[in-house]
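Single-letter residue listing:
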Amino acid sequence: QALALTSDLFLGAAVFSGANDYSITTSGSGSFRPTRLHNYGTGVLTLGKMGDANIDHYGTGKTILTVNSLAAGTRAFNIYGGTIQLSTNLQINQGTSALSINMNNGALIGDTATSSFALDNAGSFPRSFIIGEGGGAFDVIGGNTLTISGVISGSGPLTLGSASSSGTLELGAVNTYTGGTTIKGGTVLLSGSLAAGSELTITGGTLDLDGNTQSIG
């Protein structure tokens, strides 16, 4: 199922469901701008440019961002369910300011097939994450490195990697979340740290301390 936009499409809540893959492409001045994005499908939703929309992602499905989806005016980018996959930092927000992202029952996947990238807007404005009680997850595919440069805080548990991970997930900050940590696959590199004293469970993958000391338990 495909929709091609050549002008702005403003919506309240956009809901996707079913087994089909959906694709919304944009060209020229076209953009897709829902205030809330609900993806409950078992297929994959692929999105083009979303302008300065505020993104609240709900559901259980997988949404792939393409091009530099969100413009500098974006004020919110939150994952309250389902999975968002991106391949550059600028697909979250092109603005030259910090951005705090809420995650609760949500996951973010970095596709590094083209190159490694960091969620930090050229090193100056790291994206920080707040993990809710439902938990948050980060994963990497493509064989290179996804760096989470900002602080991960909040009360929920954190899951790193999966059985299908391919590449390295680097945590670059001294993180403060208070939930437990589960590593399920890939390589987790700690140039920063996990939350001090949090419970750590490793069911797969590799933990690389990068010469640092990590307090757990």
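For the structure itself, look to the data block above.
Residues numbered from 1 in each chain as written. Predicted model: local features only at pLDDT ≥ 70, side-chain atom pairs only at ≥ 80, totals over all residues. Heavy atoms only, no water.

(A) Structural detail: the nonpolar core. Formed by 39 residues in total, the largest nonpolar core has its most connected members in Phe 129 and Phe 138. Top element by residues in this core is strand S10 (residues 99-103). It accounts for three residues. With residues up to four places along the chain from it excluded, the contact list for Phe 138 reads Met 103, Leu 108, Phe 129, Ile 148, Ile 152, Leu 158, Thr 159, Leu 160, Gly 161 and Leu 169. (Core = buried A, V, L, I, M, F, W, Y, C linked by side-chain atoms within 4.5 Å. Buried < 20%, exposed > 50% of the residue type's maximum accessible area, 1.4 Å probe, protein only. Helix = DSSP H or I, 4+ residues; strand = E, 2+ residues; numbered from the N terminus. Contact = heavy atoms within 4.5 Å.)

(B) Highlighting the sheet that holds strand S12 (residues 117-118). Read across the open sheet, the five strands follow the order S12-S15-S18-S20-S22; overall the sheet is parallel. Every other strand in the sheet has two partners, leaving S12 and strand S22 (206-208) as the edge strands with one partner each. Here two bridges tie S12 to strand S15 (residues 145-148), and the two strands are oriented parallel to one another. Bridge pairing in S15 places Phe 117 opposite Leu 146. (Pairing = 2+ DSSP bridges.)

(C) View of the sheet that holds strand S5 (residues 44-47). Across the sheet, 10 strands lie side by side as S1-S3-S5-S7-S9-S11-S14-S17-S19-S21; this open sheet has parallel pairing. Whereas interior strands pair on both sides, the edge strands pair on one side only; in this sheet they are strand S1 (2-5) and strand S21 (200-202). Across this sheet, the average inter-strand angle for adjacent strands is 15 degrees, counted without regard to direction. Looking at chain direction, strand S14 (residues 136-141) and strand S17 (residues 158-160) are connected through three bridges and run parallel. Each residue of the ladder has a partner; that of Ala 137, found in S17, is Thr 159. (Axes fitted to C-alpha atoms, helices over the stretch in contact; angles between N-to-C directions.)

(D) Just the packing of aromatic side chains, in detail. A complete count under the given rule lists three aromatic pairs for this structure. Taking the centre distance of 5.4 Å and the plane angle of 65 degrees together, the rings of Phe 16 and Tyr 22 count as edge-to-face. By relative accessible area, Tyr 22 is classed as partly exposed at 23%. For the ring pair Phe 129 and Phe 138, a centre distance of 4.9 Å and an interplane angle of 85 degrees mean the geometry is edge-to-face. (Phe/Tyr/Trp six-rings, centres within 6.5 Å; stacked < 30°, edge-to-face > 60°.)

(E) Spotlight on the side chain of Ser 193. Inspection of the secondary structure assignment puts Ser 193 in the loop between strand S20 (187-190) and S21. Apart from residues no more than four positions distant in its own chain, Ser 193 is found in contact with Leu 171, Ala 173, Val 174, Asn 175 and Gln 214.

(F) Geometry of the pattern of salt bridges. Taken as a whole and judged by the stated rule, the model has one salt bridge. In this structure, Arg 33 and Asp 8 form a salt bridge, with 3.8 Å as the shortest nitrogen-oxygen distance. Of the two residues, Arg 33 sits in strand S4 (residues 31-39) while Asp 8 sits in strand S2 (residues 8-16), which places them 25 residues apart along the sequence. Asp 8 sits in the partly exposed class, given a relative accessible area of 35%. (Salt bridge = Lys/Arg side-chain N within 4 Å of Asp/Glu carboxyl O.)

(G) Representation of the pairing of strand S6 (residues 55-59). With respect to burial, S6 is a largely interior element, four of its five residues being buried. One ladder, built from three bridges, connects S4 with S6; its direction is parallel. The residue bridging Asn 39 from the neighbouring strand is Gly 59, located in S6. Pairing geometry for S6 and strand S8 (residues 77-79), over three bridges, is parallel. Looking across to S8, one finds that Ile 55 is bridged to Phe 77.

(H) Local environment of unusual backbone geometry. Although it is not a glycine, Asn 105 sits at a positive phi angle of roughly 65 degrees. Examined against the element boundaries, Asn 105 turns out to sit in the loop between S10 and strand S11 (106-111). Non-glycine residue Asp 210 carries a positive phi angle of around 55 degrees. Mapped onto the elements of the fold, Asp 210 is located in the segment after S22.

(I) Spotlight on the environment of Ala 137. Summarising the element assignment, Ala 137 is placed in strand S14. Residues Ala 137 and Ile 183, 46 residues apart in the sequence, show an inter-C-alpha distance of 9.8 Å. Among all residues touching Ala 137, those that are not within four sequence positions of it are Met 103, Gly 106, Ala 107, Leu 108 and Thr 159.

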